[in-house]
Amino acid sequence: MGSNSCDYESQYHALLFPFMAKGHLIPLLQLARLLLRRRFVITVITTPANIPFVAKSLEDTTVSIVELPFPQSIPGIPSGVESTDKLPSMSLFPEFARSTKAMQPEFERVVATLEPVNFMVSDGFLWWTLESANKFGFPRLAFFGMSNYASSVSKAASQEGLLFGPESDNEPITVPEFPWIKITRNDFDPVFADPNPESIHFEFVMDSAVAAVQSFGTLVNSFYELEPTFADYINRDGDSKSWNVGPLCLVETPPRLDQSRKKPAWIQWLDQKLEQGSSVLYIAFGSQAELSTEQLRDIATGLEESEVNFVWVIRKDASELGDGFEERVKERGIVVRDWVDQREILKHQCVHGFLSHCGWNSVLDSICAGVPILAWPMMADQRLNARMVVEEIKVGLRVETCNGSVKGYVKSEGLKKMVRELMEGEMGKEVRKKAKEVAEMAKKAMEEETGSSWLSLSKLIDQICNEKKPRKELMARRN
Ligand SMILES: O=c1ccn([C@@H]2O[C@H](COP(=O)(O)OP(=O)(O)O[C@H]3O[C@H](CO)[C@@H](O)[C@H](O)[C@H]3O)[C@@H](O)[C@H]2O)c(=O)[nH]1
């Protein structure tokens, strides 16, 4: 902390409002722990169906959890569905995200009952919270769970209209700011590549982006040394500053919790594999990937034929993976249908590779555990993350699609070949070595008092504290 740092004993109050999707919620809960370590008083606001997950994640902390009713009767969305991983289809996402605006009046009523807030971190998708923050007079920081790479390339390509140039979706596009990156329209979420100003998805993306620029700043779950060129690009305009404060997955949960619980079956299974001196591939596609039964069966066949050991986390029935698959592979592979602690699996010593959809949190989980990635991106920012992983930071390989495009179907043979390469091949060795180096960099970035992310958060807190009165003072004034 600098000499003008604020007095943390005075305990400032931070309000966190995560978006209702696991990939957005989890990093903000990790941020809550980080701010607690900086002696903040923390309130997390979430909707009733998300409270059990939040409460369990923070059960050992002093964080206050406040309930906010979820909007009723959203067209197409079954009642009780309050998180994107529970949506019947991700095609309902724009409707779901857009409808959060209906929570604004109740949100403001709830905030008025809280003790004074020094600043709020709300998900970038909750654009309307900026207006509320302005009404109450506290700064809002937007949190986008994306890499600087994905944000920079999307921003540069869309601002310059580069995605409208090519005739085909697979034609290489050169982004002048980053000429070494060869990208195609297929690498982008369709909302960037084919914007329809009339669509609620486009409107929602624009509202979120505009509100972020008008906010006090943006928090990024990344660290400067991982992607300096892109972190600098994001900050170069100076209109709204962004702070790299991650990887937030390195914020530890206290060991006492871990010691008191029984090891889950899959960790016991990994322990056995470690005793046998075996290596294991971990497979998971985040909380909202949608795979056809045909594709699931090709994955199962590819894994079976690759002959590697594996833990596959997939919430699908056995019948969808093909007849007898689990029985045939049981000596060397298990299928897990529960919610797992992904960080715990990746940190296990025998896990030597991760077949991942490249959701940004999964990329960070893997990098921080020093585990190389076999990238199989599916939607949203994942294809850009996969390029970053493979081409930029070189901690992974990529699955082969049968049409050679970044969006194609993956057949069992292509999967088997790349799984073997990652786990046993020369390219696998290289990316594993690089992943371990990057894991060390990540740890350094988060080190207390010296790490770049620690210092970046300190600077941000300094700025906010300089502009705002401590919580007790604000309360005294109100009374
Ligand atoms: O059984 C499970 C399944 C998931 N996770 C955790 O859930 C999160 C999943 O996040 P992510 O890997 O980013 O995947 P998605 O849930 O698919 O995330 C969405 O949000 C991300 C952040 O914005 C985007 O990068 C992705 O493209 C988008 O799909 C990670 O923290 C995992 O550790 C578990 O701990 N256990």
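Predicted model, so just to flag it, every value in this text is computed and none were measured. In every chain, residue numbers begin from 1 and rise along the written sequence. Selection of residues for local features in this predicted model requires a pLDDT of at least 70, selection of side-chain atom pairs for listing and counting requires 80 or more, and totals for whole chains, interfaces and linings are taken over all residues. Just so you know, side-chain values use all the structure's heavy atoms and leave hydrogens and water out.

A.B. asks: Give a detailed account of the overall build of the protein chain, specifying residues and quantitative values.
C.D. replies: In this text, helices come from DSSP runs of H or I with a minimum length of four residues, and strands from runs of E with a minimum of two, each type numbered from the N-terminal end. Counting its regular elements, the protein chain contains 20 helices and 15 strands. Against the globule reference of 23 Å for 479 residues, the protein chain gives a C-alpha radius of gyration of 22 Å, in line with a compact fold. Dimensions of the protein chain, computed from the C-alpha atoms along their principal axes, are close to 70 × 60 × 50 Å. Only protein chains enter the accessibility calculation, which uses a 1.4 Å probe. A residue is then buried if its area is under 20% of the maximum for its type, exposed if over 50%, and partly exposed in between. Looking at the protein chain residue by residue over its 479 residues, the buried ones come to 56%. Whether two residues are in contact is decided by their heavy atoms, any of which lying within 4.5 Å being enough. For the protein chain, contacts bridging at least 24 residues in sequence account for 68% of all contacts bridging at least 6. Counting only carbon and sulfur atoms, one obtains 51% of the accessible surface of the protein chain, whose full area is about 20,600 Å². Neither His nor the chain ends is counted toward charge; the positive residues are Lys and Arg and the negative residues Asp and Glu. For this purpose, a charge sits on NZ of Lys, CZ of Arg, CG of Asp or CD of Glu. In the protein chain, the 54 positive side-chain charges and the 66 negative ones have mean positions that sit 4 Å from each other. Atoms counted for the radius of gyration: C-alpha only. Globule rule: 2.2 Å times residue count to the power 0.38. Throughout, the Shrake-Rupley method with a 1.4 Å probe supplies accessible areas, and for residues the shown protein chains are the sole cover considered.

A.B. asks: I'd love a proper account of helix 17 (residues 412-424), names of residues and values included.
C.D. replies: The terminal C-alpha atoms of helix 17 lie 18 Å apart, and with 13 residues this matches the ideal 18 Å at 1.5 Å per residue to within 8%. Every buried residue belonging to helix 17 is among Ser-412, Gly-414, Leu-415, Met-418, Val-419, Leu-422 and Met-423, and all of these are buried. Each buried residue of helix 17 lies within a common arc of 155° when the element is viewed along its axis, so the set occupies one face. Exposed side chains of helix 17 directed beyond 90 degrees from the buried face belong to Glu-413 and Glu-424. Summarising the contacts, the buried residues of helix 17 are in contact with strand 10 (280-284), helix 12 (293-306), strand 13 (351-356), strand 14 (373-375), strand 15 (396-398) and helix 18 (426-445). To estimate the expected span of a helix, count its residues, drop one, and scale the result by 1.5 Å. The arc in question is formed by the directions pointing from the helix axis toward the C-beta atoms.

A.B. asks: Summarise the sheet that holds strand 13; cite the residues concerned and give the values.
C.D. replies: Here, strands pair whenever DSSP counts at least two bridges between them. With respect to topology, six strands assemble into an open sheet ordered 12-11-10-13-14-15, the strand pairing being parallel. A strand with exactly one partner marks an edge of an open sheet, and here the two such strands are strand 12 (333-336) and strand 15. With direction set aside, neighbouring strand axes in the sheet form an average angle of 20°. Lines fitted to C-alpha atoms define the axes, with helix axes restricted to the stretch in contact, and inter-axis angles between N-to-C directions lie between 0 and 180 degrees. Here helix 12 sits on the sheet and contacts strand 10 and strand 11 (309-313); the angle it forms with strand 11, its principal contact strand, is near 160°.

A.B. asks: Break down the site of the ligand for me, with residues and values.
C.D. replies: Around the ligand, 20 residues are found, and the nearest of them are Ser-287, Val-340, Ser-362, Asp-365 and Asp-381. Pairs of N or O atoms within 3.5 Å make up the polar contacts considered here, provided that, within protein, one atom can donate a hydrogen while the other can accept it, and that residues adjacent in sequence are counted only when both atoms are side-chain atoms. For the ligand, an oxygen atom lies 3.4 Å from a polar atom in the backbone of Gln-342. In the model, an oxygen atom of the ligand is placed 3.0 Å from a nitrogen or oxygen of the His-357 side chain. About the coverage of the ligand: the protein hides 95% of its 690 Å² of free accessible area. Here the element with the most residues in the shell around the ligand is helix 15 (residues 360-369); it accounts for four residues. Split into classes, the residues belonging to the shell around the ligand amount to five nonpolar, 12 polar and three charged. Definition of nearness: a residue and a molecule or strand are near each other if at least one heavy atom of the residue lies within 4 Å of the molecule or strand. Only Asp, Glu, Lys and Arg are considered charged, only Ala, Val, Leu, Ile, Met, Phe, Trp, Tyr, Cys and Pro nonpolar, and every remaining residue, Gly among them, polar.

A.B. asks: Provide a residue-level description of the packing of aromatic side chains, including the pertinent values.
C.D. replies: Think of it this way: a Phe, Tyr or Trp ring, Trp meaning its six-membered ring, pairs with another when their centres are within 6.5 Å, and the plane angle makes it stacked under 30 degrees, edge-to-face over 60, tilted otherwise. Counted by the stated rule, this structure contains 25 aromatic pairs. Ring centres of Phe-53 and Trp-339 lie 5.6 Å apart, and the angle between their planes is 90°; on these two criteria the pair is classed as edge-to-face. Taken together, the residues Phe-53 in helix 2 (residues 51-57) and Trp-339 in the loop between strand 12 and helix 14 (342-347) connect sequence positions 286 residues apart. Centroid distance Trp-312 to Phe-325: 6.1 Å. Interplanar angle 80°. Geometry classified as edge-to-face.

A.B. asks: Report on the environment of Phe-93, specifying residues and quantitative values.
C.D. replies: Tracing the sequence through the fold places Phe-93 in helix 3 (residues 93-99). Exposure remark for Phe-93: the relative accessible area of 11% places this residue in the buried category. Dropping the residues within four chain positions of it, Phe-93 is found in contact with Phe-19, Thr-84, Leu-87, Phe-125, His-201 and Phe-204.

A.B. asks: Tell me about the pattern of salt bridges, and name the residues and values.
C.D. replies: A side chain with one charge can pair with a side chain of the opposite charge if their charged atoms come near. Each reported salt bridge corresponds to a side-chain nitrogen of Lys or Arg within 4 Å of a carboxyl oxygen of Asp or Glu. Counted under the stated rule, the structure contains 21 salt bridges. Note that Lys-86 is salt-bridged to Asp-85, the shortest N-O span being 3.5 Å. Taking the shortest distance from any N to any O, the salt bridge between Glu-400 and Lys-417 comes out at 2.7 Å. On the criterion of sequence distance, the pair formed by Glu-400 in the loop between strand 15 and helix 17 and Lys-417 in helix 17 is long-range, its members being 17 residues apart. Judged by relative accessible area, which is 34%, Glu-400 ranks as partly exposed. Here the residues in one salt-bridge network are Lys-22, Asp-85 and Lys-86, joined through shared partners.

A.B. asks: Lay out the packing of helix 6 (residues 148-159) against helix 16 (residues 382-392) with the relevant residues and their values.
C.D. replies: Relative orientation and spacing of two packed helices are given, respectively, by the angle between their axes and the distance between those axes. Remark: helix 6 packs on helix 16, axes separated minimally by 9 Å, with the N-to-C direction vectors making an angle of 115°. Comparing the axis directions of helix 6 and helix 16 gives the class roughly perpendicular. For the element pair helix 6 and helix 16, the recorded crossing hand is right-handed. Between helix 6 and helix 16, the residues in contact are Tyr-149, Ala-150, Val-153 and Ser-154 and Leu-384, Asn-385, Arg-387, Met-388 and Glu-392, respectively. Angular relationships are summarised with four words: roughly parallel below 35 degrees, roughly antiparallel beyond 145, roughly perpendicular across 65 to 115, and oblique for the angles in between. In a left-handed crossing the near helix is turned counterclockwise from the far helix by less than a right angle, and in a right-handed crossing that turn is clockwise.

A.B. asks: A description of helix 8 (residues 200-214) should follow, citing residues and the corresponding values.
C.D. replies: Over its 15 residues, helix 8 runs 21 Å from end to end, which matches the ideal 21 Å to within 8%, given 1.5 Å per residue. Looking at helix 8, one finds that the buried residues are Phe-202, Phe-204, Ser-208, Ala-211 and Ala-212. Turning to helix 8, the residues buried within the fold contact helix 3, helix 5 (129-136), strand 5 (140-144), helix 7 (190-193) and strand 8 (217-220).

A.B. asks: Account for the environment of Val-66, with residues named and values stated.
C.D. replies: Inspection of the secondary structure assignment puts Val-66 in strand 3 (residues 64-67). Sequence separation of Val-66 and Leu-346 is 280 residues, and the distance between their C-alpha atoms is 32 Å. Beyond its immediate stretch of four places on either side in the chain, Val-66 contacts Thr-43, Val-44, Ile-45, Thr-46, Val-110 and Leu-114.

A.B. asks: Mind laying out the sheet that holds strand 5, listing which residues take part and the relevant values?
C.D. replies: The sheet built from seven strands is open, its strands ordered 3-2-1-4-5-8-9 with parallel pairing. The outermost strands of the open sheet, each flanked by one partner alone, are strand 3 and strand 9 (241-244). Each strand axis lies, on average, 25° off the axis of its neighbour in the sheet, ignoring direction.

A.B. asks: Describe the confidence of the model for the protein chain, listing the residues and the values that go with them.
C.D. replies: Detailed reading of predicted coordinates is not advised where the pLDDT is low. Averaged over the protein chain, the pLDDT score is 91; the fraction of residues at 70 or greater is 93%. Both scores are available for the predicted complex, with the pTM at 0.94 and the ipTM at 0.99. A residue's pLDDT is simply how confident the predictor is in it, with values from 0 to 100.

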